[in-house]
Amino acid sequence: MTGDKSRQARFGKVLRNVRLEEEVSSFMNRFAEDNNLYVFEVYDQAVSTFLSSQKGHHPTLRVSPRSAPHCGFWIKESTLKKAEAFAQNLDCPTNRLLYTAIWTWYENKGLQKN
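Residues numbered from 1 in each chain as written. Predicted model: local features only at pLDDT ≥ 70, side-chain atom pairs only at ≥ 80, totals over all residues. Heavy atoms only, no water.

S.K.: Help me understand the packing of helix α3 (residues 39-53) against helix α5 (residues 94-109), please; the structure alone is not making it clear to me.
M.R.: When two helices pack together, their arrangement is given by the angle between their axes and by how far apart the axes lie. Contact geometry of α3 with α5 gives a least axis separation of 8 Å together with a crossing angle of 100°. Viewed along their axes, α3 and α5 adopt a mutual orientation that is roughly perpendicular. Together, Val 42, Tyr 43, Gln 45, Ala 46, Val 47, Thr 49, Phe 50 and Leu 51 of α3 and Leu 97, Leu 98, Thr 100, Ala 101, Ile 102, Thr 104 and Trp 105 of α5 make up the contact between the two elements. Considered class by class, the residues forming the contact of α3 with α5 number 11 nonpolar, four polar and no charged. (Axes fitted to C-alpha atoms, helices over the stretch in contact; angles between N-to-C directions. Helix = DSSP H or I, 4+ residues; strand = E, 2+ residues; numbered from the N terminus. Parallel < 35°, antiparallel > 145°, perpendicular 65-115°, else oblique. Contact = heavy atoms within 4.5 Å. Nonpolar A, V, L, I, M, F, W, Y, C, P; charged D, E, K, R; others polar.)

S.K.: Is there a simple way to think about unusual backbone geometry in this case?
M.R.: Generally, phi is negative for residues other than glycine and the peptide bonds are trans, each holding for most cases. Backbone geometry at Asn 36 places phi at a positive 55°, although glycine is not the residue there. For Asn 36, the position within the fold is in the loop between α2 (22-34) and α3. Classification of Asn 36 by relative accessible area gives exposed; the value is 73%. Look at Asp 91: it is not a glycine, yet its phi comes out positive at around 60°. With respect to the helices and strands, Asp 91 occurs in the loop between α4 (77-90) and α5. (Buried < 20%, exposed > 50% of the residue type's maximum accessible area, 1.4 Å probe, protein only.)

S.K.: Honestly, the side chain of Thr 94 in this entry has me stumped. Any pointers?
M.R.: Its location among the elements puts Thr 94 in helix α5. Apart from the residues lying within four places of it in its own chain, the contact partners of Thr 94 are Arg 16, Leu 80, Glu 84 and Ala 87.

S.K.: I keep staring at α3 and nothing clicks. Help me out?
M.R.: Given a rise of 1.5 Å per residue, 15 residues ought to cover 21 Å, and the 21 Å separating the end C-alpha atoms of α3 matches this to within 8%. Among the residues of α3, those classed as buried are Phe 40, Val 42, Tyr 43, Asp 44, Ala 46, Val 47, Phe 50 and Leu 51. (Expected span 1.5 Å × (residues − 1).)

S.K.: I would appreciate a short explanation of the nonpolar core in the present structure.
M.R.: Soluble globular proteins: nonpolar side chains tend toward being buried together. Met 28, Leu 97 and Leu 98 are the most contacted members of the largest nonpolar core, which has 32 residues in total. Every element with two or more residues in this core is listed here: β1 (13-19), α2, α3, β2 (70-76), α4 and α5. Ranked by residue count, the leading element in this core is α5, at eight residues. Contact partners of Leu 98, with chain neighbours within four places excluded, come to Arg 16, Val 18, Val 47, Phe 73, Ile 75, Leu 80 and Ala 83. (Core = buried A, V, L, I, M, F, W, Y, C linked by side-chain atoms within 4.5 Å.)

S.K.: Can you walk me through the packing of α2 against α3 in this structure?
M.R.: Taken N-terminus to C-terminus, the directions of α2 and α3 make an angle of 115°; their axes are 8 Å apart at the nearest point. When the interaxial angle is binned, α2 and α3 end up roughly perpendicular. As α2 packs across α3, the resulting crossing turns out to be right-handed. Seen from α2, the contacting residues are Ser 25, Met 28, Asn 29, Phe 31 and Ala 32; seen from α3, they are Val 39, Val 42, Tyr 43, Gln 45 and Ala 46. (Left-handed = near helix turned anticlockwise from the far one by under 90°.)

S.K.: Hey, could you run me through the pattern of salt bridges in this one?
M.R.: Opposite charge on two side chains lets them pair, provided their charged atoms get close. Inspection of the entire model under this criterion finds two salt bridges. In this structure, Arg 16 and Glu 84 form a salt bridge, with 3.9 Å as the shortest nitrogen-oxygen distance. Remark: Glu 84 occurs in helix α4 and Arg 16 occurs in strand β1; sequence separation between them is 68 residues. Taking the relative accessible area as the measure of exposure, Glu 84 reaches 33% and is therefore partly exposed. Measuring nitrogen to oxygen at the nearest pair gives 3.0 Å for the salt bridge that ties Glu 107 to Arg 62. With Glu 107 in helix α5 and Arg 62 in the loop between α3 and β2, the pair connects residues that are 45 residues apart, well separated along the chain. Take Glu 107: its relative accessible area is 31%, and that puts it in the partly exposed class. By relative accessible area, which is 31% here, Arg 62 ends up partly exposed. (Salt bridge = Lys/Arg side-chain N within 4 Å of Asp/Glu carboxyl O.)

Below, the structure is given as structure tokens:
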């Protein structure tokens, strides 16, 4: 299927691609399944939660490992716009902010169970 913009607009989600460790992307998928959520909801929640928690703060940003595979995920367009604006204020690439948000969420949710 092609990246039809009208389809994306209709559903209000956009596809993003970030280098992400296999353990993190696997956890996100398991978390969605265990909690009866769509995978996009988990990624969107991770980014939204991070953005909410960082108001008035300058977070320490992580760099995704070059050796990690690319992970494609859907995210709400409104959440992505907020992330892009926040990243621009920090003068960093949006993907770096997304990676940091996802990793932080994984750290808080996934590593607590270990």
